[in-house]
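# Observations on the model geometry
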Amino acid sequence: MYELERIKQLKKERKAIILAHNYQRAEVQDVADFVGDSFGLSQKAVTSGAEVIVFCGVDFMAESAAVLNPEKTVLLPELAAQCPMAAMITPLSLRLEREKHPEAAVVCYVNTPASVKAESDICCTSANAIKVVNSLPQNEIIFVPDRNLALYVAAQTDKKIIAWDGYCPTHHLILPGDVLIEKEEHPDAEVLVHPECRPDVTALADKVLSTEGILRYVKQSGSMEFIIGTELGLLHRLNKENPGKKFFAATKYTVCPNMKMNTLASIIRALEKNEHVMSVPEDIRIKAKRALDRMLEAGRGD
Ligand code: SF4
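Predicted model, so just to flag it, every value in this text is computed and none were measured.

## Describing the overall build of the protein chain
- Secondary structure summary: the protein chain contains 14 helices and twelve strands in total.
- Computed over C-alpha atoms, the radius of gyration of the protein chain comes to 19 Å, within 12% of the 19 Å expected from 2.2 N^0.38 for 302 residues, which places it in the range of a compact globule.
- Each of the 302 residues in the protein chain was classed as buried or not, and the buried ones make up 57%.
- Counted over contacts in the protein chain with a minimum sequence separation of 6, partners at least 24 positions apart contribute 62%.
- Here the protein chain holds 36 positive side-chain charges and 41 negative ones, and the gap between their average locations is 4 Å.

## Quick look at the packing of aromatic side chains
- This model, assessed by the stated rule, comprises one aromatic pair.
- Arranged with centres 5.5 Å apart and planes meeting at 15°, the rings of Phe226 and Phe247 form a pair that is stacked. In this pair, Phe226 is assigned in strand E11 (residues 225–229) and Phe247 in strand E12 (residues 246–249), connecting sequence segments 21 residues apart.
- Judged by its relative accessible area of 0%, Phe226 falls in the buried class.
- For Phe247, a relative accessible area of 9% translates into the label buried.

## A short note on the site of the ligand
- Residues in contact with the ligand, as listed here, are Tyr23, Val58, Cys83, Pro84, Met85, Asn111, Cys168, Pro169, Glu196, Cys256 and Met259.
- Of all the cavities here, the one that holds the ligand is the largest pocket.

## Let's talk about the nonpolar core
- One finds Phe55, Val74, Val107, Phe143, Val144, Leu292 and Met295 to be the most contacted residues of the largest nonpolar core, which totals 73 residues.
- Ranked by residue count, the leading element in this core is helix H4 (residues 59–68), at seven residues.
- With 17 residues, the next largest nonpolar core counts Val28, Ala32, Ile268 and Ala270 among its residues.

## Digging into the pairing of E12
- The pairing of E11 with E12 spans four bridges and is parallel. Residue pairing across strands places Glu225 opposite Lys246, the latter belonging to E12.
- Remark: the E11/helix H12 (residues 234–241)/E12 crossover connection has right-handed handedness.

## Examining the pattern of salt bridges
- Evaluated as defined, the whole model comprises 17 salt bridges.
- Residue Lys100 pairs with Glu97 through a salt bridge whose shortest N-O separation is 3.2 Å. Here the residue Lys100 and the residue Glu97 both occupy positions in helix H5 (residues 91–100), the gap between them amounting to three residues, near one helical turn.
- The class for Lys100 is exposed, based on a relative accessible area of 58%.
- A salt bridge links Arg147 to Asp165; the nearest nitrogen and oxygen atoms lie 2.5 Å apart. With a gap of 18 residues between them, Arg147 in helix H8 (residues 147–154) and Asp165 in the loop between strand E8 (160–163) and helix H9 (176–185) connect regions that are remote in the sequence.
- Among the residues examined, Arg147 registers a relative accessible area of 22% and is labelled partly exposed.
- Asp165 sits in the exposed class, given a relative accessible area of 58%.
- Each of Glu212, Lys219, Arg237 and Glu241 takes part in salt bridges that share partners, so that together they form one network.

About the thresholds
- Residues numbered from 1 in each chain as written.
- Predicted model: local features only at pLDDT ≥ 70, side-chain atom pairs only at ≥ 80, totals over all residues.
- Heavy atoms only, no water.
- Helix = DSSP H or I, 4+ residues; strand = E, 2+ residues; numbered from the N terminus.
- Rg over C-alpha atoms; globule rule 2.2 N^0.38 Å.
- Buried < 20%, exposed > 50% of the residue type's maximum accessible area, 1.4 Å probe, protein only.
- Contact = heavy atoms within 4.5 Å.
- Lys, Arg positive; Asp, Glu negative; His and termini not counted.
- Charge placed at Lys NZ, Arg CZ, Asp CG, Glu CD.
- Phe/Tyr/Trp six-rings, centres within 6.5 Å; stacked < 30°, edge-to-face > 60°.
- Near = heavy atom within 4 Å.
- 1 Å grid on protein atoms, 1.4 Å probe; cavity = no way out; pocket = protein on both sides within 12 Å on 5 of 7 lines; lining within 4 Å.
- Sits in = over half its atoms within 2 Å of the grid points.
- Core = buried A, V, L, I, M, F, W, Y, C linked by side-chain atoms within 4.5 Å.
- Pairing = 2+ DSSP bridges.
- Right-handed = clockwise from strand over helix to strand, strands pointing away.
- Salt bridge = Lys/Arg side-chain N within 4 Å of Asp/Glu carboxyl O.

Below, the structure written as structure tokens:
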């Protein structure tokens, strides 16, 4: 209780808002002003009148918020909350790949550092990846860094997709056998999985959707049971927003340790000590913002 009161007090003092990703701990989601996907939260930061944004997510998300909100202070409560998939690519390695395919456009999933976005032609989210790829004049696309999302897009476009060999270690833990066991136990359930899952898992799904896409789909579906293939944090919002419907995790192992680092105590510390301020060098910020803006022009897609 002390923590909730203290956070309320600090938010007022610092004119701050708290943004939490759908994969955050339940208590962090509950204290947040907005809960959503990474890019949606960054946009919330743009429209809010707050001076300080506490971004409860991982490094690249807070960086995107800083790219879009240069005049605001963006805080990442836990500096060690870093996405391993975003770390599977560097600006230099992307530049070298581009040299091998001079005719290709580079499409960069938002789960990347700002320095990689700055080297890309356009960004995409898991919701609008197909739309973004199809919006480009080039027929060859270097798609970074998630190979599973790249393969999912490749199956639904005529363009040639050159997939970077990165992946999300958390979504990678979901195996086809896990989904088959859950389907056997819950034969009436619809299977909804995130496109960061392996292709042999997405092949078993009724729908392949982003986190916000899963939330929207469940609300309008007539089904009462769902098998969910993504990070377990999403089940908190699914249960909260859909009383009466039942949700079963494809496997209990999909816990992203990086997403779970932010706690109520670290939010308090972030606001008290102004830690950890996310800043992006201005030349990189401008180029990264251009790639994000182009994505918005192509359409959000969800
Ligand atoms: S769930 Fe996967 S993509 Fe998201 S932060 Fe964790 S490791 Fe990165």
